[in-house]
Amino acid sequence: MSKIVNISNIAIGQGQPLVLISGPCVIEDYETTFAIASYLKELTQKLDIPFIFKASYDKANRTAINSFRGPGIKDGLEILKRIKAELDLPIISDVHRIVEIAAAAQVLDIIQIPAFLCRQTDLILEVARTGKPLNIKKGPFLAPWDITHILEKVTSTGNSQILITERGTMFGYNNLVADFRSIKIMQDTGWPVIFDATHSIQLPGGAGTSSGGQREFAPILASAAVAAGADGLFLEVHPTPDKALCDGPNALKLDTLYDLFARLKAIGKVISP
């Protein structure tokens, strides 16, 4: 039986409305992050799309040592806490170290396990023990059926509030490919599956000292994922992606989102009237 994961007043899973997890890759500053969150809230309210705001306070898995990582846990969580209170939004961000978990759990509604850390047993167990919902990003090196081992780690703690996110699979060097069979395969575990359309068109390390991306294909993959039955979408966005301090090449521009979100909602209605 398919499980329903509840985040604040949002129900995620089969038979529920398509949920959107969206925001910038990383917190650049309070003003920019608040502006993005405010824009997305207004847009999703207009289209009646359940919305969870995403931004990272620290991106530890950067290509180069001098890549921008964000404000760090102390200042970053304070910014997320302010946005959560001021805009009344559920918040998701990722943790990279066990020492971060207790502080992050005080602010976040969902704790995200980064794709490259999805097999780190101790990290997963400690996050699960908070009792908070988890979003597990499937590593691009894993087959979709291998997610069952990660789920067993989480449920061993008694935590069953789990989302699984598909974000593409490594396809040779510096490239990813999205296999839409994985949505159904992972949904068969019983938990909701989110499709990350912007990381699935990332070119890891493809820009030399940073990752590249092909953002023009993200709307196509997002549409296909909704048609394939994904329970939600994960999209990184920015007012000016070419000037973003992290993952700009695969981020979508804010002023392109209305038409995209309207189309995605329409596709969702067709497959789940």
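Rules and cut-offs
Residue positions are given per chain, counting from 1 as you read along its sequence in written order. Two thresholds apply to this predicted model, a pLDDT of at least 70 for residue-level local features and 80 or more for giving and counting side-chain atom pairs, whereas whole-chain, interface and lining totals are computed over all residues. Values reported for side chains reflect all heavy atoms of the structure, with hydrogen atoms and water molecules removed beforehand. By convention in these notes, a salt bridge is any Lys or Arg side-chain nitrogen within 4 Å of a carboxyl oxygen on Asp or Glu. Strands here mean DSSP runs of E at least two residues long; helices mean DSSP runs of H or I at least four residues long; both are numbered from the N terminus. Only protein chains enter the accessibility calculation, which uses a 1.4 Å probe; a residue whose area is less than 20% of its type maximum is buried, one above 50% is exposed, and one in between is partly exposed. In what follows, residue pairs with any heavy atoms lying within 4.5 Å of each other are defined as contacts. Here the rule is simple: two strands pair whenever DSSP picks up at least two bridges between them. By convention, a crossover is right-handed whenever its connection, traced from the first strand over the helix to the second and viewed with the strands pointing away, goes clockwise. Axis definition: a line fitted to C-alpha atoms, over the contacting stretch in the case of helices. Angles run 0 to 180 degrees between N-to-C directions. By convention the crossing between two helices is left-handed if the near helix lies anticlockwise of the far one by an angle smaller than a right angle, and right-handed if it lies clockwise. Amino acid classes used here: Ala, Val, Leu, Ile, Met, Phe, Trp, Tyr, Cys and Pro are nonpolar; Asp, Glu, Lys and Arg are charged; the rest, including Gly, are polar. When two rings of Phe, Tyr or Trp (its six-membered ring) have centres within 6.5 Å they constitute a pair, described as stacked for plane angles under 30 degrees, edge-to-face for angles over 60, and tilted for the intermediate range. For a ring to carry a charge above it, either NZ of a lysine or CZ of an arginine must fall within 6 Å of the ring centroid while also lying within 35 degrees of the normal to the ring plane.

J.: Is there a simple way to think about the pattern of salt bridges in this case?
T.: Side chains that differ in sign of charge can pair as their charged atoms come close. Under the criterion given, the structure shown has 13 salt bridges. Arg82 is the partner of Glu86 in a salt bridge, and the nearest nitrogen-oxygen pair spans 3.4 Å. Taken together, the residues span about one helical turn, with Glu86 and Arg82 both in helix 2 (residues 73-87) at a distance of four residues. Overall, the relative accessible area of 42% leaves Glu86 in the partly exposed class.

J.: What's the story with the side chain of Ser223 in this structure? I'm lost.
T.: With respect to the helices and strands, Ser223 occurs in helix 7 (residues 218-227). Not counting chain neighbours up to four residues away, the residues in contact with Ser223 comprise Arg263, Leu264 and Ile267.

J.: Could you clarify how one ought to interpret the pairing of strand 4 (residues 51-54) in this entry?
T.: Sheet faces and side chains relate simply in a regular strand, where the side chains alternate between the two faces. Neither face of strand 4 is exposed, since Phe51 and Phe53 on one face and Ile52 and Lys54 on the opposite face are all buried. Bridging between strand 3 (residues 19-23) and strand 4 involves three bridges; their strand directions are parallel. Paired with Ser22 across the two strands is Phe53, which belongs to strand 4. Regarding topology, helix 1 (residues 30-47) serves as the crossover connection from strand 3 to the parallel strand 4, and that connection is right-handed.

J.: Would you mind showing me how to read the packing of helix 1 against helix 2 here?
T.: The geometry of a pair of packed helices is captured by two quantities: the angle between their axes and the separation between those axes. Running from amino to carboxyl end, helix 1 crosses helix 2 at an angle of 35 degrees, the nearest separation of the two axes being 10 Å. When the axes of helix 1 and helix 2 are compared, the crossing they make is right-handed. In contact with Tyr30, Thr33, Phe34, Ala37, Ser38 and Lys41 of helix 1, helix 2 contributes Ile79, Arg82, Ile83, Glu86 and Leu87. Residue composition of the contact of helix 1 with helix 2, grouped by class: six nonpolar, two polar and three charged.

J.: Explain the packing of aromatic side chains here, please?
T.: Aromatic rings considered in pairs are described by the distance between their centres and by the relative angle of their planes. Going through the model one piece at a time under the given rule, you end up with three aromatic pairs. Taken together, a centroid distance of 6.4 Å and an interplanar angle of 70 degrees make the contact between Phe51 and Phe53 edge-to-face. With a relative accessible area of 5%, Phe51 lands in the buried category. Where Phe180 meets Phe195, the ring centres are 5.3 Å apart and the plane angle is 35 degrees; that geometry is what we call tilted. One end of the pair, Phe180, is in the loop between strand 10 (176-177) and helix 6 (181-187); the other, Phe195, is in strand 11 (residues 193-196), and 15 residues separate them in sequence. For Phe180, a relative accessible area of 25% puts it in the partly exposed group. The ring of Trp191 has Lys3 lying over it, and the distance from NZ or CZ to the ring centre is 4.1 Å. The ring of Phe234 is capped by Lys137, whose NZ or CZ atom sits 4.0 Å from the centre of that ring.

Just geometry here; none of it tells us what the structure is for.
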